[in-house]
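For reference, the chains in residue letters:
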Amino acid sequence: MKYYSTNKQAPLASLEEAVVKGLAGDKGLYMPEHIRPLDKDTISGLKNKSFHEIACTAAQAFFGEDIEPETLDAIVRDTLSFETPVVPVRDNIYSLELFHGPTLAFKDVGGRFMARLLGYFIKKEGLKQVNVLVATSGDTGSAVANGFLGVPGIHVYVLYPKGKVSPIQECQFTTLGQNITALEVDGTFDDCQALVKSAFMDEELNRHMKLTSANSINVARFLPQSFYYFNAYAQLDKIGKADQLIVSVPSGNFGNITAGLFAHRMGLPIKRFVAANNRNDVFLEYLHTGVYTPRPSVPTIANAMDVGDPSNFARILDLYGKNGNPHAEISQLISGYRFTDEEIGATMKQVYNETGYVLDPHGACGYQALIDNKLAPNETGLFLETAHPTKFKGTVDKILDADIEIPAKLKAFMQGEKQSVGMEKDFETFKSYLLAQ
Ligand SMILES: *Cc1c(COP(=O)(O)O)cnc(C)c1O
């Protein structure tokens, strides 16, 4: 399968090129040339299959031309060593819990898949060491670092803003060692991101070392997220609840919801999507006005969604642009809602008091968007619970006036020893550091 750039000014790329490069030469995002639909029998048969089998079916449609079945099967098996259960919350509203992976957030799926796929290409082609640079405000760094931990031929540099990530998040990427280096930058998240961008553009540095990025612009990170949409459908179909399915996705860079839109394009019967935002609501504004105006992000308690210029918007436009009126198609399929910190807190408190279910601030946006979308009695609502609430324990405990229990997996990270390298926020210092590696 070939991959084209959303900007249409770069040559077609192979899967390997798309994964190793991340972003196309014309700064567009790579899209698969074909999205193969699954036939109706395959879709109605999903309910009798395991998560592994379901994921392999979807993976085959995207990667089957480029990777032999046994290898793809093994990559999928290694990636999905955990479940993504659908849990009832109230009436006809269900939570798709995506937080049962090693770092307790949905990004584990894409992070692990990309690491294994890149590792496979490096081994097959005998490539020289590939260096992954990733700037993080918390969740991306931990998922990417844990996904790539111990993968031969790859070194990961996680850049994070000193004192601005929660201690629980910090220990998930600073205690690993091996091929993971945490760089504690004396600056903000934007400074970290600027350092990574400058590094990708610096010719001398790119001659010295092979650099790639591992955020959701990378096809190997965002496409595998479609697997759990198929699996959630199968679980709901099993209990007769999949007929009129509305799916709500807490969104930041819109990689997660875009994977759902791909599943839909492949024939998964989802009636409508709901994009849930915090106060960073440029997508909602686009739905209302047809005009897309990126803005600097504002900080919220659902901080993994603090994005002012969602990178995957280009992919959504491309998916629905073929008939000349993407806005009409997009606004028909996707509804949008936005929530202030106060509203997010009120939702978390209400759901906890009424049902006992503990939402994290991101999942709370997804849940409340379904309520505001006013489901019909025959419709089933599914929201993606993107992170375990203890990842945001300080915020959650305060809002719920509770002391939620930290899972054993997370405690294990917290016992490790923090190892990080202090870094100035100016590019020359960062560059000299990398050149010396
Ligand atoms: C990354 C993240 C999101 C946003 O996902 P996108 O794919 O960027 O839209 C939502 N919730 C949590 C917990 C996250 O870590």
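Residues numbered from 1 in each chain as written. Predicted model: local features only at pLDDT ≥ 70, side-chain atom pairs only at ≥ 80, totals over all residues. Heavy atoms only, no water.

The feature "domain: Threonine synthase N-terminal" (unreviewed entry), as given by UniProt, occupies residues 2–79 in the numbering adopted here. In residues 2–79, helix accounts for 47% and strand for 8%; the two terminal C-alpha atoms are 24 Å from one another. (UniProt positions renumbered as here; feature names shortened; annotations may be inferred. Helix = DSSP H or I, 4+ residues; strand = E, 2+ residues; numbered from the N terminus.)

With 4 of its 5 residues buried, strand S11 (residues 334–338) lies for the most part within the structure. Two elements, strand S10 (residues 272–277) and S11, share 5 bridges in a ladder whose sense is parallel. Along S11, the bridge assignment pairs Ala-276 with Tyr-337. (Buried < 20%, exposed > 50% of the residue type's maximum accessible area, 1.4 Å probe, protein only. Pairing = 2+ DSSP bridges.)

Across the 8 residues of helix H7 (residues 167–174), 7 count as buried, placing the element largely inside the fold. Of all the residues in H7, the buried ones are Ile-168, Gln-169, Glu-170, Cys-171, Gln-172, Phe-173 and Thr-174. If you follow the buried residues of H7, they end up packed against helix H6 (139–148), strand S6 (154–161), strand S7 (180–185), helix H18 (393–400) and helix H19 (408–415). (Contact = heavy atoms within 4.5 Å.)

What follows deals with the UniProt feature "domain: Tryptophan synthase beta chain-like PALP" (unreviewed entry) in the protein. When the UniProt feature table is mapped onto this chain, "domain: Tryptophan synthase beta chain-like PALP" (unreviewed entry) is found at residues 93–377. In residues 93–377, the share of helix is 47% and the share of strand is 16%. The end C-alpha atoms are 11 Å apart.

Let us now look at the packing of aromatic side chains. The full count for this structure, using the stated rule, is 16 aromatic pairs. Consider the rings of Tyr-120 and Phe-121, whose centres lie 5.4 Å apart with planes at 50°: the pair is tilted. Phe-121 matches Tyr-120 in its accessibility class, with the two residues each being buried. (Phe/Tyr/Trp six-rings, centres within 6.5 Å; stacked < 30°, edge-to-face > 60°.)

This part covers the layout of surface pockets. Estimated volume of the second largest pocket: approximately 170 Å³. What lines the second largest pocket is a set of 14 residues, among which Ser-166, Asn-303, Lys-391, Phe-392 and Thr-395 lie closest to the centre. Secondary structure elements with two or more residues in the lining of the second largest pocket: H7 and H18. The residue makeup of the lining of the second largest pocket, split by class, is 5 nonpolar, 6 polar and 3 charged. (1 Å grid on protein atoms, 1.4 Å probe; cavity = no way out; pocket = protein on both sides within 12 Å on 5 of 7 lines; lining within 4 Å. Points joined across faces, edges and corners; volume = space filled by probe spheres on them. Nonpolar A, V, L, I, M, F, W, Y, C, P; charged D, E, K, R; others polar.)

Let us now look at the pairing of S6. In terms of residue burial, S6 counts as a mostly covered element, since 8 of its 8 residues are buried. Bridging between strand S5 (residues 130–135) and S6 involves 6 bridges; their strand directions are parallel. Residue pairing in the sheet places Leu-133 in a bridge with Tyr-157 of S6. As judged from the 6 bridges shared by S6 and S7, these two strands associate in the parallel manner. Along S7, the bridge assignment pairs Tyr-157 with Thr-181. A crossover connection joins S6 to the parallel S7 through H7; in handedness this β-α-β unit is right-handed. (Right-handed = clockwise from strand over helix to strand, strands pointing away.)

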